[in-house]
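If you want the building blocks of each chain, they are given just below.
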Amino acid sequence: MTAILGLNAYHGDAAAALLIDGELVAAAEEERFNRVKHCAGFPELAAAWCLADAGLTAGDLDHVAVSRDPKANLGRKLLRTIRHGASARYLKARLENAAKVRDVKSALAAALHVDPGEIRAALHNVEHHQAHVASAFFVSPFEDAAILSVDGFGDFASTMLAEGHGSRFTVLDRVLFPHSLGIFYTAVTQWLGFPAYGDEGKVMGLAPYGNAERHVARMRELVHLDGSLFELGLDYFTHDKEGVDMTWDEQSPTIGRIYSDRMIEAFGPARETRAEMTQTHEDVAAALQAMLEEAYLHLLRVLWERTRIPNLCLAGGVALNAVVNGRIRPETPFEEVYVQPAAGDSGTAVGSAYWVWNQQLGRARSFVMEHAYTGPGYSDEECAAAIAAAGLSAERLDDDALFAAVAERIAEGDVVGWFQGRMEFGPRALGNRSIVVDPRRADMKDILNARIKHREAFRPFAPSILAEATGDWFEQDYTSPFMVLVYKTRPDKRDKIPAVNHVDDTGRLQTVERQVNPRYYRLIEAFGERTGVPVVLNTSFNENEPIVMTPEQAVETFAKTKMDVLVLGNRVVRREAP
Ligand SMILES: [Fe+2]
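Calculation criteria
- Residues numbered from 1 in each chain as written.
- Predicted model: local features only at pLDDT ≥ 70, side-chain atom pairs only at ≥ 80, totals over all residues.
- Heavy atoms only, no water.
- Helix = DSSP H or I, 4+ residues; strand = E, 2+ residues; numbered from the N terminus.
- Rg over C-alpha atoms; globule rule 2.2 N^0.38 Å.
- Buried < 20%, exposed > 50% of the residue type's maximum accessible area, 1.4 Å probe, protein only.
- Contact = heavy atoms within 4.5 Å.
- Areas by Shrake-Rupley, 256 points an atom, 1.4 Å probe, with all protein chains shown as cover.
- Lys, Arg positive; Asp, Glu negative; His and termini not counted.
- Charge placed at Lys NZ, Arg CZ, Asp CG, Glu CD.
- Pairing = 2+ DSSP bridges.
- Axes fitted to C-alpha atoms, helices over the stretch in contact; angles between N-to-C directions.
- Salt bridge = Lys/Arg side-chain N within 4 Å of Asp/Glu carboxyl O.
- Donors = N, O, S within 2.8 Å, 3.2 Å for Na, K, Ca; no water.
- Tetrahedral: all angles 85-135°; square planar, octahedral: opposite > 155°, others 65-115°.
- Core = buried A, V, L, I, M, F, W, Y, C linked by side-chain atoms within 4.5 Å.
- Expected span 1.5 Å × (residues − 1).
- Bend = angle between axes of the 7 residues up to and from the residue.
- Phe/Tyr/Trp six-rings, centres within 6.5 Å; stacked < 30°, edge-to-face > 60°.
- Lys NZ or Arg CZ within 6 Å of the ring centre and 35° of its normal.

How would you summarise the overall build of the protein if you had to cite specific residues and measurements?
The helix and strand inventory of the protein stands at 21 helices and 24 strands. Here the C-alpha radius of gyration of the protein, 23 Å, is about what a compact globule of 578 residues would show, namely 25 Å. Seen through its C-alpha atoms, the protein measures out along the principal axes to roughly 70 × 60 × 45 Å. Expressed as a percentage of its 578 residues, the buried residues of the protein come to 60%. Residue pairs in contact within the protein that sit at least 24 positions apart in sequence constitute 72% of those at least 6 positions apart. About 21600 Å² of surface is accessible on the protein, with carbon and sulfur atoms providing 48% of the total. Charge separation in the protein, taken as the distance between the mean sites of 61 positive and 80 negative side-chain charges, equals 2 Å.

Here you go:
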């Protein structure tokens, strides 16, 4: 047996993943355990859980891989430091971070409460973007693929183009600091008044309200596509001169302001957080998204010219931009697309582990990541105990009665917390830790926002649809199991599912297949039989904190929000009448 533990450590969305003989047996983000959103630091609880879940001890591990390599791109890094200088504070922070990455074994020993000498595993430092590339290609269904990874930065790079065949991939090209599409998107997101780590997805939802045309010419000054890949117009940013003021400690990452005064000259004063959203803000958001799409599709065309392989794998935080992903098959020569469900940084835990198994050890591929249900699961007794501990009572229904009864509650307008099986890995709830409501009710968005989610009104909610029905409701029918593709809603269906039809008549859909998630499939099927609409609105099971992991957290969220029904496995809890 070969056991490989992959880690994303000292970087946002810290996570751990465990491979046994090439099969992904466990993977989860640290934030779900310690309840700190996007938490960086060392994934100590996630790593300990992975081993416990598989019944392994520290001494059973053969390899430990971390998705950071302080030596990667070192020559360019040093050259840049010498030429441009860097503040002492910035250099000190970077050196301390690099030292932690090199000493992962000590942190792991502490997390597992063992002596470092008990960990006999070989340690591998995997360049951040190679871990992203590995995270998409090695678990994809493709023997051969073109691979693109795009994010803010990792190990001094922001973009990697690669080509994979069998158990190996070759790096074709990189874009290095200071040029980065992730930084571009983050900078304008900050200007728009969303300073928190991970807020870029909000702006993707805002963009369709605006008109891109007014500002798109200016956006081309921020991102230049001439030359082979792209460059930033550095006048608009500060990260190049001042470094990025980031914290990667045991907390939610923060990132200091990275847009320059030139951005304010170009677009006007930055929006204060929670200030009114004006037409200008919406138009800038639209132009930002349009520019991102233009640059991303440009990179894909370059990648196509260099590889001519019709299969495409995507990873990196920018690959979570589902709007541009939806344009790939209609507008580029790529015919098949695989986006890893944890395309952001947590997925590099999986990628670094597969980098060892395939790229390093040369082992044959045998695993395809068809679902994201790799996190903790809980027994019926544990669910019952959580309900009882909260002083609530539940009715236990057999499967046949359960799906019909819950579908009826959804169709009657109830807000249902749906907790089943193992927790999802990656940022999306995909039917195991979801809040599910009726997509036919136009007021459902406002109800969810007022009672539970408290999100900005402009943000869309996403549909889950039976896979076979996709083409009847959307203009593309290619499978989208991980909610990373946005499709146009068919014109005759838009007014039938108003709660999941965004302002530009699109949906960021999850296609649900019976063999991938039979229980969620049966719930949607039962809702479809009752209503003629094989679609539900699916949003993550949380209020403002990370998605719930345990039955206790589900019960607590149910109790403190105004949810109507909670389903834990086969147990149904109804809210008492006020
Ligand atoms: Fe990344």
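Could you give me a rundown of the sheet that holds strand E13 (residues 311–315), with the residues and numbers involved?
Spatially, five strands are ordered E8-E7-E6-E13-E14 in an open sheet, and the strand pairing comes out mixed. Of all the strands in the sheet, the pair left with one neighbour each is strand E8 (168–176) and strand E14 (336–339). In this sheet, adjacent strand axes meet at a mean angle of 20° when their direction is disregarded. Across eight bridges, the pairing between strand E6 (residues 144–154) and strand E7 (residues 157–165) is antiparallel. Bridge assignment links Leu148 to a residue of E7, and that residue is Leu161. Its contacts with the sheet put helix H6 (residues 128–137) on E6, E7, E8, E13 and E14, and the angle it makes with E6 is roughly 140°.

Tell me about the pattern of salt bridges, and please be specific about residues and values.
Per the counting criterion, the structure on display carries 34 salt bridges. Ionic pairing is found between Glu475 and Arg494, a salt bridge with its closest N-O pair at 3.9 Å. With a gap of 19 residues between them, Glu475 in the loop between helix H19 (470–473) and strand E19 (486–488) and Arg494 in the loop between E19 and strand E20 (506–508) connect regions that are remote in the sequence. Looking at Arg494, the relative accessible area reads 21%, which means it is partly exposed. Where Asp564 meets Arg575, a salt bridge forms, and the shortest distance between an N and an O atom there is 3.6 Å. Note that Asp564 is positioned in the loop between helix H21 (551–560) and strand E23 (565–568) and Arg575 in the segment after strand E24 (571–574), a separation of eleven residues in sequence. Taken together, the shared-partner salt bridges in this structure form one network comprising Asp199, Lys202, Glu456 and Arg459.

Explain the coordination of the iron ion to me, using residue names and the numbers behind them.
Listed as protein donors to the iron ion are His128 (NE2), His132 (NE2), Asp151 (OD) and Asp345 (OD); their distances from the metal cover 2.0 to 2.2 Å. Geometry at the iron ion is irregular, judged from its four donor atoms and the angles of 90 to 162° they form at the metal. In primary sequence terms, the donor set of the iron ion follows H-x3-H-x18-D-x193-D. Here His132 is found in helix H6, whereas its partner Asp345 is found in the loop between E14 and helix H15 (347–360), with 213 residues between them in sequence. In this structure, His132 and Asp345 share a single accessibility class: buried.

Got a sec to walk through the sheet that holds strand E5 (residues 122–125)? Specific residues and values, please.
Within the open sheet, the five strands sit side by side as E3-E2-E1-E4-E5. Their pairing is mixed. Whereas interior strands pair on both sides, the edge strands pair on one side only; in this sheet they are strand E3 (23–29) and E5. In this sheet, adjacent strand axes meet at a mean angle of 15° when their direction is disregarded. The pairing of strand E1 (residues 3–8) with strand E4 (residues 63–66) spans four bridges and is parallel. The residue bridging Leu5 from the neighbouring strand is Val64, located in E4. Lying over the sheet, helix H2 (residues 44–54) contacts E1, strand E2 (15–20) and E3, oriented at roughly 145° with respect to E3. Strand contacts of helix H5 (residues 104–112): E1, E4 and E5, with the helix running at about 115° to E4, the strand carrying the most contacts.

Account for the nonpolar core, naming residues and giving values.
Grouped together as the largest cluster of nonpolar side chains are 165 residues, with contacts concentrated most on Phe184, Met219, Val223, Tyr296, Leu300 and Leu314. For this core, the leading source of residues is helix H12 (residues 279–307), giving 14 residues. When sequence neighbours within four positions are dropped, the list of residues in contact with Met219 reads Phe184, Val188, Phe267, Val284, Ala287, Leu288 and Met291. Counting residues in each nonpolar core, the second largest holds 33 residues, with Trp49, Leu51, Leu56 and Ala109 among its members.

Can you lay out H15 for me, pointing to particular residues and giving the numbers?
In this model H15 runs 18 Å from its N-terminal to its C-terminal C-alpha over 14 residues, within 8% of the 20 Å that 1.5 Å per residue would give. Taking the largest bend as the criterion, H15 deviates by roughly 30°, centred on Tyr354. Counting buried positions over the 14 residues of H15 gives 13, a clear majority of the element. Among the residues trailing H15, Gly362 stands out with phi positive, at a value near 70°.

For the packing of aromatic side chains, give the residues involved together with the corresponding values.
Throughout the structure, instances matching the rule amount to 13 aromatic pairs. Judged by centre distance (5.7 Å) and plane angle (45°), the rings of Phe138 and Phe169 are tilted. Placement of Phe138 in the loop between H6 and E6 and of Phe169 in strand E8 is noted, with a sequence separation of 31 residues between them. The burial state of Phe138 is the same as that of Phe169; both residues are buried. Cation over ring: Arg329 sits above Tyr478, and NZ or CZ is 3.9 Å from the ring centre. The ring of Phe461 carries Arg455 above its face, with NZ or CZ at 4.1 Å from the centroid.

Function-wise, these values are silent; they only describe arrangement.
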